[in-house]
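# Residue-level structure breakdown
Here is what each chain is made of, one letter per residue.
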Amino acid sequence: LGSRGWEGDYRTMLDLCSHGANACFVTGDFDSMNELIDEVLSKDIDTKEKYRVSDIKVKSFYSAGKFNESIDAALDFNRQLGLPTPQKKPASTFTIIREFIRVKRLLKNKTAEDIANLPELDDELYKMGERMNEHLATSVYLVEPTMLPLVIFQSVTTSLKHGLNSSSSPAFARLGMLLCGPFGKPHEGLEMATAAELILERPGMRSSTSNTIFVTQSFCYHWTSPLQDTIAPLLKGYQVGLELGDNDRACYCLVGRMYYLFF
């Protein structure tokens, strides 16, 4: 396409750079990946057009152990989309409880089946934001844990108000984790874990299978069921993750399974 490729065939150049960056990320060629990402990000195009390379950028920072940079990149992208975005700072107990009450009001008395039968999200902007929140949840858990509830509540709120997407299942799984652990409501938490697994059964929701299984089996079900019951599901999470190319979450499942085999 030459040096004037963007002017001559913008769509092809965008696809080539985006797919090329992903290929470089998967093969570990981070220098070439960054060149292709920067090529797209430097262009004066709609923020939504930059989603694919922004997604790769966030994942690459996380894979390299640069969790703060991953958080910054995800937050910055969501701000550019104009979506509600938490501040990168410790959250107070008051703020966490306030946002939890708001989520409880939205949930009302919904069962797992009610949640799983919500309409599908059809707004691409919110889908992009939810995917970034899925990445955020993993990184803030390691860097600034008090931010995690706010990210979870934001994702659950989007699903309840605007519809379900592939990032909804890990969002409800993490809500279950909070309810089972810090909030001391294991039975309510298990209901959210069940909702997360039911969401996975819907068409087009399978991409977050490993992430969801890791959270539900590692943080939810052991509160009321024998720990040994997590062994087989975690192996399934590992296998599905490899099939889908979600290697990070697949390995999380494998490590969790290894730990629990000792007991």
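Look above for the structure.
A few points on the structure. Just so you know, these numbers come straight off a predicted model, no measurement behind them. (Residues numbered from 1 in each chain as written. Predicted model: local features only at pLDDT ≥ 70, side-chain atom pairs only at ≥ 80, totals over all residues. Heavy atoms only, no water.)

So, about the overall build of the protein. Counting its regular elements, the protein contains 14 helices and zero strands. Each helix and strand of the protein, placed in order from N terminus to C terminus, yields the pattern α-α-α-α-α-α-α-α-α-α-α-α-α-α. Across its three principal axes, the protein shows a C-alpha extent of roughly 60 × 40 × 35 Å. Put simply, the protein has 263 residues, and 46% of those count as buried. Contacts in the protein between residues at least 24 apart in sequence constitute 67% of all its contacts with a sequence separation of at least 6. Accessible surface computed for the protein: about 13000 Å², of which carbon and sulfur atoms make up 53%. (Helix = DSSP H or I, 4+ residues; strand = E, 2+ residues; numbered from the N terminus. Buried < 20%, exposed > 50% of the residue type's maximum accessible area, 1.4 Å probe, protein only. Contact = heavy atoms within 4.5 Å. Areas by Shrake-Rupley, 256 points an atom, 1.4 Å probe, with all protein chains shown as cover.)

To continue, consider a negative patch on the surface. A cluster of acidic residues, D29, D31, E35 and D38, forms a negative patch on the protein surface. In this structure, D31 sits in helix α3 (residues 30–41). (Patch = residues over 30% accessible without salt bridge, like charges linked within 9 Å, V, L, I, M, F, W, Y side chains within 5 Å. Salt bridge = Lys/Arg side-chain N within 4 Å of Asp/Glu carboxyl O. Lys, Arg positive; Asp, Glu negative; His and termini not counted. Charge placed at Lys NZ, Arg CZ, Asp CG, Glu CD.)

Moving on to the nonpolar core. Counting residues in each nonpolar core, the largest one holds 56 residues, and the members touching the most others are L107, I115, V156, F172 and L175. Per-element accounting of this core gives the leading share, eight residues, to helix α10 (residues 168–180). If near-sequence neighbours (up to four positions away) are discounted, L175 is found in contact with V103, L107, I152, F153, V156 and M192. Of all hydrophobic cores here, the second largest spans 13 residues; its members include A21, C24, V53 and I56. (Core = buried A, V, L, I, M, F, W, Y, C linked by side-chain atoms within 4.5 Å.)

Let's shift gears to helix α13 (residues 231–244). For an α-helix, 3.6 residues make a turn, and residues three or four places apart therefore share a direction. Given a rise of 1.5 Å per residue, 14 residues ought to cover 20 Å, and the 20 Å separating the end C-alpha atoms of α13 matches this to within 8%. Every buried residue belonging to α13 is among I231, L234, G237, V240 and G241, and all of these are buried. Among the structural elements, α12 (209–219) and α14 (247–261) are those in contact with the buried residues of α13. (Expected span 1.5 Å × (residues − 1).)

Here we come to the layout of surface pockets. Estimated volume of the largest pocket: approximately 770 Å³. Along its surface, the largest pocket is lined by 27 residues, and F25, D55, K59, R131 and G245 are the ones closest to its centre. Listed by contribution, the elements that provide at least two residues to the lining of the largest pocket are α2 (10–27), α4 (51–63), α8 (124–143) and α14. Split by residue class, the lining of the largest pocket holds eight nonpolar, 12 polar and seven charged. Taken as a whole, the second largest pocket encloses approximately 360 Å³ of empty space. Around the second largest pocket, the lining comprises 19 residues; the ones closest to its centre are P86, T95, R98, E99 and L150. Sorting elements by how many residues they give to the lining of the second largest pocket places helix α6 (residues 93–107) first, with six residues. Each residue belonging to the lining of the second largest pocket can be placed in one class, and the counts come to eight nonpolar, six polar and five charged. (1 Å grid on protein atoms, 1.4 Å probe; cavity = no way out; pocket = protein on both sides within 12 Å on 5 of 7 lines; lining within 4 Å. Points joined across faces, edges and corners; volume = space filled by probe spheres on them. Nonpolar A, V, L, I, M, F, W, Y, C, P; charged D, E, K, R; others polar.)

The next subject is the environment of Y221. Among the secondary structure elements, Y221 is positioned in the loop between α12 and α13. Sequence spacing of Y221 and C180 is 41 residues, and the spatial spacing of their C-alpha atoms is 8.7 Å. Y221 has contacts with L190, A193, T194, E197 and T216, leaving out every residue within four places of it along the chain. Of the polar contacts made by the side chain of Y221, one reaches the side chain of E197; its length is 3.0 Å. (Polar contact = N/O pair within 3.5 Å; in protein donor to acceptor, adjacent residues only side chain to side chain.)

Turning our eyes to something else, we now look at a nonpolar patch on the surface. There is a patch of nonpolar side chains on the surface, built from V255, M258, Y259, F262 and F263 and spanning about 620 Å² of accessible area. Position of F263 among the secondary structure elements: in the segment after α14.

If charged atoms from side chains of opposite charge come close, those side chains can pair. All told, the structure shown has 13 salt bridges when counted by the stated rule. Residues R131 and D55 are paired through a salt bridge, measuring 3.6 Å at the closest nitrogen-oxygen approach. Of this pair, R131 sits in helix α8 while D55 sits in helix α4; the two residues are 76 residues apart in sequence, bridging distant segments of the chain. Taking relative accessible area as the criterion, R131 reaches 22% and is therefore assigned partly exposed. Between K104 and E188 there is a salt bridge; the shortest N-O distance is 3.0 Å.

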